[in-house]
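The lines below spell out each chain.
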Amino acid sequence: MLNRHQVSARRGLIVSGSAGTGKTTAITQLGKNVEQLTRRRNPGATGQLPVIFVTVPPAATTKMLAGEFARFLGVPLLHRMSQVQITNAVCDLLAQLGTTLVLVDEIHNLDLTTRYGAEASDQLKYLSERIAATFVLAGLEVETSTLFQGTR
C-alpha cells in the first residue's frame, strides 16, 4: 500500500535465513495472498498478472536475469535478442499486466565480487526502479553476504 503512488524509491522486503527455513514458502504464500486479494477486489478484471516469481540463476548475468523474467511471462526469447530488448519487453508487459508484486528468490546467487554478478545486481536494481511493483527478495543469509556491502 505504501508503494501505490510512488514513482521511484519504493519500499521492498528482504527475506533472509538458513537453508530449509521456509524462505521460498513464505514469499510464495505472500504472493498467493496478494494474488487472491487483487482478484477479489477486481473480479471482472481480465488480463492481469498481479504477482510474478523469478529465481536468480547461479552465476547470473544481466541477460540471464532478464531472461528469467521473460520466461515467467512467456515472452519468446530469440538468441539474437539483446539484454536491453529483453528488459524492455519485460518491463512493458509487466506495466500492461498491472503487476504489483515481484518475488525474487535465490538472490545470494548474485556474486558482487565478479563483474557479471555486479552487473546483474545493477540490472535487478534497474528493474526495481522501472517496474511499478514492490520487490521481495529472498536468499541465504544475505545480511552477512557481500550483497549489501559496497557502493552497489
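Preceding this section is the structure that the text describes.
The rules we used
Residues numbered from 1 in each chain as written. Predicted model: local features only at pLDDT ≥ 70, side-chain atom pairs only at ≥ 80, totals over all residues. Heavy atoms only, no water. Pairing = 2+ DSSP bridges. Helix = DSSP H or I, 4+ residues; strand = E, 2+ residues; numbered from the N terminus. Axes fitted to C-alpha atoms, helices over the stretch in contact; angles between N-to-C directions. Contact = heavy atoms within 4.5 Å. Expected span 1.5 Å × (residues − 1). Buried < 20%, exposed > 50% of the residue type's maximum accessible area, 1.4 Å probe, protein only. Core = buried A, V, L, I, M, F, W, Y, C linked by side-chain atoms within 4.5 Å. Salt bridge = Lys/Arg side-chain N within 4 Å of Asp/Glu carboxyl O.

**Student:** Go over the sheet that holds strand 1 (residues 13-17), please, and point to the residues and values.
**Tutor:** In spatial order, the strands read 1-4-3-2; together these four strands make up an open sheet with parallel pairing. With one partner strand each, in any of the chains shown, strand 1 and strand 2 (51-55) form the two edges of the open sheet. The average undirected angle you get between the axes of adjacent strands in this sheet is 15°. Pairing of strand 2 with strand 3 (residues 101-105), which is carried by five bridges, proceeds in the parallel orientation. When the sheet's bridge partners are listed, Thr55 is paired in strand 3 with Asp105. Sitting on the sheet, helix 1 (residues 23-41) touches strand 1, strand 2, strand 3 and strand 4 (134-140), and the angle it makes with strand 3 is about 165°.

**Student:** I'd love a proper account of helix 2 (residues 62-73), names of residues and values included.
**Tutor:** For helix 2, which comprises 12 residues, the first-to-last C-alpha distance of 17 Å matches the rise-based estimate of 16 Å (1.5 Å per residue) to within 8%. Along helix 2, the positions that sit buried rather than exposed are Thr62, Leu65, Ala66, Gly67, Phe69, Ala70 and Leu73. Those residues of helix 2 that are buried are in contact with strand 2, helix 3 (83-97), strand 3, helix 4 (115-130) and strand 4. Of the residues trailing helix 2, Gly74 is marked for its positive phi of about 80°.

**Student:** Tell me about the nonpolar core, and please be specific about residues and values.
**Tutor:** Phe69, Val102, Val104, Ile131 and Phe135 are the most contacted members of the largest nonpolar core, which has 31 residues in total. Counting only elements with at least two residues in this core, the list comes to strand 2, helix 2, helix 3, strand 3, helix 4 and strand 4. Dropping the residues within four chain positions of it, Val104 is found in contact with Val54, Val56, Phe69, Leu124, Phe135, Val136, Leu137 and Ala138. Counting seven residues, the second largest nonpolar core, distinct from the first, contains Val15, Val51, Leu101 and Val136.

**Student:** A description of the pattern of salt bridges should follow, citing residues and the corresponding values.
**Tutor:** Going through the model one piece at a time under the given rule, you end up with five salt bridges. The partner of Glu119 in a salt bridge is Arg115, and the shortest N-O contact between them spans 3.1 Å. One end of the pair is Glu119 and the other is Arg115, both in helix 4 and four residues apart, which spans about a single turn. Take Glu119: its relative accessible area is 28%, and that puts it in the partly exposed class. Across the salt bridge formed by Lys125 and Glu129, the nearest N and O atoms sit 2.5 Å from each other. Note that Lys125 and Glu129 are positioned in helix 4 at a spacing of four residues, about one turn of the helix.

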